[in-house]
Amino acid sequence: MYNLNGQVAIVTGAGSGMGRAIAMRLSLEGAAIIAADLNGGEVEKAVQEMKSRGGRGLPWEIDVSIAKDVERMVKGTMENFGQIDILVNNAGIGSTGLIIDHSEEDWEKPIRVNLKGTFLCSRAVAKEMIPRKRGRIVNIASIAGKSGEEFIGAYCASKFGVLGLTQVLAKELGRHLITVNAVCPGYVWTPMWEELAQWFKDKFPALADLSPKEVFEKRVKSVTPLRRPQTSEDMASLVAFLVSDEARNITGQAINVDGGAVMH
Ligand SMILES: NC(=O)c1ccc[n+]([C@@H]2O[C@H](COP(=O)([O-])OP(=O)(O)OC[C@H]3O[C@@H](n4cnc5c(N)ncnc54)[C@H](O)[C@@H]3O)[C@@H](O)[C@H]2O)c1
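Residues numbered from 1 in each chain as written. Predicted model: local features only at pLDDT ≥ 70, side-chain atom pairs only at ≥ 80, totals over all residues.

Focus on the overall build of the protein chain
Along the backbone of the protein chain there are eight helices and seven strands. Taken along its principal axes, the extent of the C-alpha atoms in the protein chain is 55 × 40 × 35 Å. Looking at the 264 residues of the protein chain, the share that counts as buried comes to 47%. Partitioning the intrachain contacts of the protein chain with sequence separation of at least 6 by distance along the chain shows that 72% fall at a separation of at least 24. (Helix = DSSP H or I, 4+ residues; strand = E, 2+ residues; numbered from the N terminus. Buried ≥ 20, exposed ≤ 12 C-beta atoms within 10 Å, placed from the backbone. Contact = placed C-beta atoms within 7 Å.)

Below, the structure is given as structure tokens:
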């Protein structure tokens with residue numbers, strides 16, 4: 001366990017999957033959590049759960065791709081808690097289909113949420129971190145940000161962008177003693193993957209008889225040396241380490257948690 005008592009963390013996409021697990025883990029470590037998500041009902045529930053386990057938190061309905069929403073969330077956090085120590089940019093959406101079939105909107109949507117959302121939240125939060133000369137930013141990218149994959153092209157492009165932004169921010173914010181790192185998850189069974197597996201099922205007749213979960217498991221077995229999926233808690237463990245004092249000299253890194261699927 002890492003001691004985050006007295007610290008304040010914003011976690012985006014905290015209503016589901018990994019974001020929810022990360023928010024809960026940081027809460028159990030002692031941080032007060034602003035659980036931000038497009039889905040206000042789900043973050044209400046997440047914060048209720050944190051409170052029932054002794055944590056402190058505030059649900060915040062937000063679209064991370066809208067600058068005004070982001071500024072309002074940061075202002076609200078400062079008014080309620082007076083500081084921001086940790087930002088986890090986790091909110092994200094997928095994409096499906098070949099690039100040659102993409103509409104402009106198919107292309108722009110993941111870029112807007114995954115990349116622009118990370119930019120907007122980091123920009124707004126860093127301005128509050130700089131005067132205090134402390135801060136931790138963790139971006140949830142993907143192994144799809146390190147190795148291009150067919151059928152998820154716009155998503156890949158957005159995550160490659162997140163890794164570039166991670167390095168730039170690490171260089172620009174390092175002098176203020178703020179670290180910026182990325183976690184690259186491999187295969188975690190969440191609503192995002194369920195949607196993708198359904199798309200593969202519909203697209204490829206050979207997969208038609210499998211359930212979406214079986215499509216996911218087949219993929220995991222074929223590409224990961226450890227032959228098992230990862231969990232949201234695996235990601236939460238690495239995030240907890242990266243925001244702790246023990247990781248104070250790690251910045252600008254992109255760490256895979258993927259059972260060995262990608263080795264760079
Ligand atoms: N599931 C995987 O295997 C996997 C692998 C690699 C990377 N990731 C990344 O992990 C992160 C979390 O994904 P997940 O699998 O938990 O997905 P998920 O769909 O379970 O959760 C994503 C959350 O983000 C929220 N969200 C979406 N758009 C938003 C917006 N504009 N503003 C605010 N909130 C928004 C959703 O409401 C949802 O609660 C994403 O960035 C995703 O790209 C997931």
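What follows continues from the structure just given.
Some remarks on the site of the ligand
G13, S16, G17, G92 and T190 are the nearest of the 29 residues found near the ligand. The set of elements that each furnish at least two residues to the shell around the ligand consists of α1 (17–28), α4 (104–129) and α6 (191–203). Grouping the constituent residues of the shell around the ligand by class yields 14 nonpolar, 13 polar and two charged. Residues lining the shell around the ligand come from more than one domain, with at least three contributed by each of domain 1 (8–186 + 231–257) and domain 2 (187–229). (Near = placed C-beta within 6 Å. Nonpolar A, V, L, I, M, F, W, Y, C, P; charged D, E, K, R; others polar. Domains from an automatic or database assignment.)

Quick notes on the sheet that holds strand β5 (residues 135–140)
Ordered in space as β3-β2-β1-β4-β5-β6-β7, the seven strands form an open sheet in which the pairing is parallel. A single partner strand is all that each edge strand has here, and the edge strands are β3 (57–61) and β7 (254–257). For this sheet the average axis-to-axis angle between neighbouring strands, irrespective of direction, equals 15 degrees. As defined by bridge partners, strand β4 (residues 86–89) adjoins β5 across four bridges and the pair is classed as parallel. Bridging across to β5, I86 finds its partner in R136. Lying over the sheet, α1 contacts β1 (8–12), β2 (32–37), β3, β4, β5 and β6 (178–185), oriented at roughly 170 degrees with respect to β1. (Pairing = 2+ DSSP bridges. Axes fitted to C-alpha atoms, helices over the stretch in contact; angles between N-to-C directions.)

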